[in-house]
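Each chain, letter by letter, is given below.
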Amino acid sequence: MSDWALIIYCGIITYLTRFSMIAILKKEMFNNRVREVLSYVPSAIFPAIFLDDLGVFQFEDNPKILAAAIAMIIGILSRNIVATIISGLTSYWFLIFVV
């Protein structure tokens, strides 16, 4: 496969995963709590969060999963999006560079 065909193919797949979250999911499908949480996540970013490590569930070798869990706990306890982002990034960087 040529380089340009691969680039176009990857672009189409990326576009379709982003567009599917916008087109397929309706607000009526979720309860109020899920809608409140997802209101902080742009629909174009939502599939990138979950599809990035879709087949990789090795908790000891994947710092993204642990950092996401830490950010989720901080987000639930603080209800502050800035604290959630900072705690997620800080814990991810700590796990990559220090541990």
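Residues numbered from 1 in each chain as written. Predicted model: local features only at pLDDT ≥ 70, side-chain atom pairs only at ≥ 80, totals over all residues. Heavy atoms only, no water.

Peer 1: Whenever I open this one, a nonpolar patch on the surface confuses me. Can you help?
Peer 2: A cluster of nonpolar side chains, contributed by I81, V82, I85, I86, L89, W93, F94, I96, F97, V98 and V99, occupies part of the molecular surface with about 1,100 Å² of accessible area. Residue placement: I81 occurs in helix α5 (residues 81-97). A relative accessible area of 40% means that I81 is categorised as partly exposed. (Patch = residues over 30% accessible without salt bridge, like charges linked within 9 Å, V, L, I, M, F, W, Y side chains within 5 Å. Areas by Shrake-Rupley, 256 points an atom, 1.4 Å probe, with all protein chains shown as cover. Salt bridge = Lys/Arg side-chain N within 4 Å of Asp/Glu carboxyl O. Helix = DSSP H or I, 4+ residues; strand = E, 2+ residues; numbered from the N terminus. Buried < 20%, exposed > 50% of the residue type's maximum accessible area, 1.4 Å probe, protein only.)

Peer 1: Whenever I open this one, the packing of helix α4 (residues 63-78) against α5 confuses me. Can you help?
Peer 2: Each pair of packed helices can be described by the angle between their axes along with the distance between the axes. Packing of α4 against α5 leaves a shortest axis separation of 8 Å and a crossing angle of 155°. With respect to α5, the axis of α4 lies roughly antiparallel. Read as a crossing pair, α4 and α5 show a hand that is right-handed. Between α4, through P63, K64, L66, A67, I70, A71, I74, G75 and S78, and α5, the contact on the second element is made entirely by A83, T84, S87, G88, S91, Y92, L95 and I96. (Axes fitted to C-alpha atoms, helices over the stretch in contact; angles between N-to-C directions. Parallel < 35°, antiparallel > 145°, perpendicular 65-115°, else oblique. Left-handed = near helix turned anticlockwise from the far one by under 90°. Contact = heavy atoms within 4.5 Å.)

Peer 1: Would you take a moment to explain the confidence of the model for the protein for this structure?
Peer 2: When pLDDT is averaged across the protein, the result is 77; 71% of the residues are at 70 or more. Confidence, read as mean pLDDT per element, is least for helix α3 (residues 46-51) in the protein (59) and greatest for α5 (90). (pLDDT = per-residue confidence, 0-100.)

Peer 1: Looking at this structure, how should I read the environment of I85?
Peer 2: Here I85 is to be found in helix α5. A C-alpha to C-alpha distance of 6.9 Å links I85 and A71, two positions 14 residues apart in sequence.

Peer 1: Looking at this structure, I do not really get unusual backbone geometry. What am I missing?
Peer 2: As a rule of thumb, non-glycine residues mostly have phi less than zero, and peptide bonds are mostly trans rather than cis. For R79, which is not glycine, the phi torsion reads 55° and is therefore positive. Looking at where R79 falls in the secondary structure, it is placed in the loop between α4 and α5.

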